[in-house]
Amino acid sequence: MARARITPEEALAFHREPHPGKWEIQATKPMTTQRDLSLAYSPGVAIPCLAIRDDPGLAYDLTNKGNLVAVISNGTAVLGLGNLGALASKPVMEGKSVLFKRFADINSIDLELDTEDVDAFCNAVRLLGPSFGGINLEDIKAPECFIIESRLKEEMDIPVFHDDQHGTAVICAAGLINALHLTGKQLKDCRIVLNGAGAAGIACIELLKSMGADPRNCIVCDTKGVIYQGRTDGMNQWKSGHAIQTDLRTLEEAMQGADVFLGVSAKGAVTPEMVASMARDPVIFAMANPDPEITPEEAHAVRPDAIVATGRSDYPNQVNNVLGFPYLFRGALDIRARAINDAMKIACAEALAALAREDVPDEVALAYGKKLAFGRDYIIPTPFDPRLIHRVPPAVAAAGMRSGVARRPIEDAEAYDAQLRSRLDPTASVLRGIHARARAAQAVMIFAEGDDPRVLRAAVNYQRSGCGRAVVVGRSGDVKEKLTIEGMADAVGEIEVVNAANTPHLETYKAFLYRRLQRRGFDGEDIHRLAARDRHVFAALMLAHGHGDGLVTGATRKSAHVMDLIGHVFDVDTTSGVVGVTAVLHRGRIVLIADTLVQEWPMERDLALIARRGAQVARDLGLTPRVAFLSFSTFGHPVSERATKMHLAPRVLDEEGADFEYEGEMTVDVALNPKAQEAYPFQRLTGPANVLVMPARHSASISVKLMQEMAGATVIGPILAGVDRPIQLCSTVSTASDVLNMAMMAAAQLERPEAQP
């Protein structure tokens, strides 16, 4: 499988469009009437203000404090880029904030403090304490980071956590627990070598010592060699705390006979010879970013028995902080913790390690395009394991309660588990699954409209994302000119440009098309004009002849017109069984709406077919289909001739023995709201419907566009279901990202998953 490549223009466009930055603020209360405003602000807001004055703990119940974390930096150690300053660190801090929301449903605001003065920094953060439930420090250079965190922990009564230190330490500890489990070694007996005595390195060795590592067996090195008792060069109080009595002076000497190597230093710091000198079954955590101290290939070449982890996602066993900080804070916030202590960090590491030893769910394998199982190449869970949210925070919370930092202990563990599960965002897993299957398929994707800049950008990004090969239908000169204007001149030679003038297959295409259309009023000249001059028809002919695996089109013409053109090559009319299904994703929910493209006024048997097609698309997306036949009536009331077909359609599925849940007719609130469903105990849906079969094409189309324009929903489709080749139609208002999503969907259809609940 090809590796994804991120280019500067793609990264800048991602941060710039459609709105600058990576997060925005939304109100959680209605702000529509005068009464709403009176309750939200003056005079109603005075009541909670007075209540909090009398009982400060009520701030957690009456404001967002209890689910709000500040991500704070001064930009003195940004990623591996050095001291970029506060302003240049903002993209990273915004990114950290959205990771809190994505993985643990924690609201977060990034704050960049323009000072390198420790006192000024600490004063600013301390004074912000009443606003937040926790403070996540980020990208602050050593040794100032140690001083800042220590002072703020003493001065504040909410968790203060420097993730560069402790996040890396927690994930490192989790991986090491499992690596030692596989090798049959005990932490207390292991000889551990750490290279890199900065924030992360010091935190790693301190956490391991608190977990039982023997300080006499822990050797810390920096750029000047081993940190030994009596050394004065390049020392500080934090390094001195890990100096040991030893005659070893170099990293090379320290590595001889070592059981474990931890690297948070620099590319190439470890040589194959050093690895060869280690003890049996060596554990090597080469965590320097972006390039490790030694690559897994280099280590395994001299020591096949080694277990290797890195900080990179393109190697097994990624030490990724996103496995730690969201869930540590989730557990801490939920018990209103005063701090995140060692007991909570160890509990997090142990929970992560235990999770990796369990069977990996199918949806995780789906996201990664391969089956994962505990072993030397899988000692740390993947960031997209859906169990993380309800397995790690309870362990953290329990440790916090045992260690006495909880202000509100959790009394009902089952209710807490259910609450955590409800925070999962199914739409994220759906999109991730689509992209993962697209990468696994490695499809040759045909982009029919090479004259449109959005399509060209999508084609380039499809190929650079490692999904396969992009083929653009257009003129080479036009493609080159438009890519250059878009700032993507370097992509000109990357994608293949095809047209009627440079293909050897034109006569074959024309002969095929003539056989299809000769009895439908098309003569030879008509056929030539369609095959040689219309990009939609030409692209469809390419797909029909196996010169591509999937097709994306429709960004420049109305869907109905594109359907007519594709219909010259494929059977996509109302008698062919083809259905248009559109996926609507909004605020953690996903529904499929059909038929949005083909059937104008379907009757009961047409509606049953639409339901079957919609159920198959749901399964393609990794969902367990629950189909609702929608109307303005529910189970026969009010009586209407127009609702009759929706009432009869489920009976057709009864006769056919459909193997998915379905029910109707019903109004949309009954279909989507479990509370409303309780009023009808006889109905057969076990949860909210995720496939909505509409009475007519116009109602389906209106519903989709209303959700898109009024609610800002993400729309994927219409997805053509029932065609034997993957063909996806974009809308004329599609962005480059929308076109790319449709290409991913087309490719994903080549890799059909099993349905997930």
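Residues numbered from 1 in each chain as written. Predicted model: local features only at pLDDT ≥ 70, side-chain atom pairs only at ≥ 80, totals over all residues. Heavy atoms only, no water.

- An unreviewed UniProt entry annotates the protein chain as NADP-dependent malic enzyme of Rubellimicrobium rubrum.

1. So, the packing of aromatic side chains
- Following the criterion strictly, the structure yields 11 aromatic pairs and no others.
- Seen in terms of ring centroids, F161 and F329 are 5.8 Å apart; in terms of plane orientation they differ by 85°. Their pairing is edge-to-face. One end of the pair, F161, is in strand β4 (residues 160-162); the other, F329, is in helix α14 (residues 325-334), and 168 residues separate them in sequence.
- On the accessibility criterion, F161 (1% relative accessible area) is buried.
- F329 sits in the buried class, given a relative accessible area of 0%.
- Considering the side-chain rings of Y509 and F538, the 5.6 Å spacing of their centres and the 75° angle between planes classify their relative orientation as edge-to-face. Of this pair, Y509 sits in helix α22 (residues 506-517) while F538 sits in helix α24 (residues 535-544), placing them 29 residues apart in sequence.
- On the basis of relative accessible area, Y509 is assigned to the buried category, the value being 1%.
- By relative accessible area, F538 is classed as buried at 2%.
- Taken together through their ring pairs, the aromatic side chains of F100, F161, F325 and F329 make up a single cluster.
- When the ring centre of F325 is taken as reference, the NZ or CZ atom of K96 above it lies at 3.9 Å. (Phe/Tyr/Trp six-rings, centres within 6.5 Å; stacked < 30°, edge-to-face > 60°. Helix = DSSP H or I, 4+ residues; strand = E, 2+ residues; numbered from the N terminus. Buried < 20%, exposed > 50% of the residue type's maximum accessible area, 1.4 Å probe, protein only. Lys NZ or Arg CZ within 6 Å of the ring centre and 35° of its normal.)

2. A few points about the UniProt feature "binding site: NADP(+)" (unreviewed entry) in the protein chain
- Mapped onto this structure's residue numbering, the UniProt feature "binding site: NADP(+)" (unreviewed entry) falls at V78, L79, G80, L81, G82, N83, L84 and G85.
- You can call G82 partly exposed: its relative accessible area is 29%.
- Once residues lying within four places of it in the same chain are set aside, the contact partners of G82 are G75, T76 and A77.
- With respect to the helices, strands and loops of the structure, G85 is situated in the loop between β1 (68-73) and α5 (90-104).
- What makes G85 buried here is its relative accessible area of 19%. (UniProt positions renumbered as here; feature names shortened; annotations may be inferred. Contact = heavy atoms within 4.5 Å.)

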